[in-house]
Amino acid sequence: MNSPLDDTQLGSCVHCGLCLDACPTYLETGNEAASPRGRIHLMRALADRRLSAYAPVRNHLDSCLGCRACEAACPSGVPYGALIEATRPLLEAARPAPARFTRRTLGRLLSSRTPRELGWAVVGRAAGRGFVDRLARRTGSLALARLAALDPGPRPRLPDVFEPPGEVRGSAILLTGCVSDTAFRATTRYAGRLLALGGIRVTVPNHQGCCGALALHLGDDRAAEHHLAALLSATAGPHADWIVPMAAGCSAHLRHAGRHLPDNASAESFARRVIDPLALLAQLSLPAPRHSVVARVAVHDPCHLVHAQGVAAEVRRLLSTIPGVTLVPLSESEVCCGSAGTYNLTEGALARRLLARKLSHVAASGATIIAAPNPGCLLQIRSGAIRDDLPVEVVHPLELLGRAHGI
Ligand code: SF4
Ligand code: SF4
């Protein structure tokens, strides 16, 4: 069997090391094998069959967050994201069957609505509750803090369409995502209402399913293709100008729909219309916010928003329109918080170290609000802030904008 790793892409790395200081796992470990350059060496050795994907090799490649900070920093244009995506199925095939089964099960549970809703029926009652919050602080449990960090129920039912109050200037399909739909539906509602305020008619297709990003992150490329093809069918109705996923990992993935499904005639056109809700809001002329939010706000830049889509200034520009907001800097704002899809579940130790690094910068920023424009980062940083009792609110910028616009 030929290697799925592209020889030209691998060969484009000149091993200059200019990406090393951008790599969170290298910053944290100082280990060359946990750096982009080291990992590309390992991929090359796998492709040439000089190495097999045995446990130590898998560990170095598994510890990659897929954050693509290296790709943004690389002067040679090495497409690291595509390389690690092509490598993960090789690692999966070499993994012992029980570990492979566990990871597949995790992917299926997170990407299927019924198990998620059943899970929510059990844990949702404790979400956002003060006693869980206090227990998390007392025990230092990040798992309990995660529960406390979820939006408390009841969750608002989303309408099928968010109609603009005035002139219609365009149309969008809102992709609610998997975890974000279950745990942060209020944020999705803010997205729909803000876009409508900007003149966009927003439809929310029923049964839209998962986009496949989670499965791809777990190395299950066939499941990822299946999910993506189903999503293209579910959104194939009337034409929409934009496709707006609620999670940055989903939009980063969907912007490459054409590469993932080269034989699907609609994939390229779909990919071209994918945009993050904040990037789209920044293009619209929203009315001036009516309410103030008096706070020192620091922005955390999610990897898949800043590195994979180049969206960062837009978030700050939108927040700076809110009366009372003072933007303050956050050191290493673009370094991963350790959430990274399922990384915080599969690579817990390094994820916790990256979270501690992020929280030390949060504490030093003097911010009273951290704006985290991605559900995974929001959950991760809010959990850490709850557990460590930091005097800071961690919210999605869409929520701040929603408060300011009184919606
Ligand atoms: S990935 Fe880019 S920056 Fe990093 S070592 Fe290779 S060529 Fe240099
Ligand atoms: S994707 Fe992120 S963690 Fe992986 S090598 Fe690149 S910078 Fe490092």
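As the structure is a prediction and not an experimental result, all values here were calculated from the model.

## Focus on the site of ligand 1
The full set close to ligand 1 counts 13 residues, and Cys13, Cys16, Gly17, Cys19 and Cys74 are the nearest of them. When grouped by side-chain class, the residues that make up the shell around ligand 1 number nine nonpolar, three polar and one charged.

## A look at the site of ligand 2
In the neighbourhood of ligand 2, 13 residues make up the surrounding shell, with Cys23, Arg39, Cys64, Cys67 and Cys70 lying closest. Secondary-structure elements contributing two or more residues to the shell around ligand 2 are α2 (24-29), α3 (36-47) and α5 (69-73). When the residues that make up the shell around ligand 2 are grouped by side-chain class, the tally is nine nonpolar, two polar and two charged.

## Brief notes about the domain arrangement of the protein
Each assigned domain of the protein is listed with its residue range as follows: domain 1 (7-95), domain 2 (99-149), domain 3 (161-281) and domain 4 (289-404). Using C-alpha coordinates to define each centre, domain 2 is positioned 24 Å away from domain 3. Across the contact, 10 residues belong to domain 2 and 14 residues belong to domain 3. Both sides of the domain 2 and domain 3 interface together cover about 1,000 Å² of buried area, and 54% of this is carbon and sulfur. On the surface where domain 2 and domain 3 come into contact, there are three salt bridges.

## Regarding the sheet that holds strand β3 (residues 200-203)
Taking strand neighbours across the sheet as the criterion, the four strands line up as β1-β3-β2-β4 in an open arrangement whose pairing is mixed. Edge positions in the sheet fall to β1 (161-162) and β4 (242-245), since each has one partner strand and no second. One ladder, built from two bridges, connects β1 with β3; its direction is antiparallel. Looking across to β3, one finds that Phe162 is bridged to Val202. Together, β1, β2 (170-175), β3 and β4 form the strand contacts of helix α12 (residues 185-197), whose direction differs from that of β3 by roughly 150°.

Thresholds, definitions, all that
Residues numbered from 1 in each chain as written. Chains lettered and ligands numbered in written order. Predicted model: local features only at pLDDT ≥ 70, side-chain atom pairs only at ≥ 80, totals over all residues. Heavy atoms only, no water. Near = heavy atom within 4 Å. Nonpolar A, V, L, I, M, F, W, Y, C, P; charged D, E, K, R; others polar. Helix = DSSP H or I, 4+ residues; strand = E, 2+ residues; numbered from the N terminus. Domains from an automatic or database assignment. Contact = heavy atoms within 4.5 Å. Buried area = accessible area lost by both parts, 1.4 Å probe. Salt bridge = Lys/Arg side-chain N within 4 Å of Asp/Glu carboxyl O. Pairing = 2+ DSSP bridges. Axes fitted to C-alpha atoms, helices over the stretch in contact; angles between N-to-C directions.

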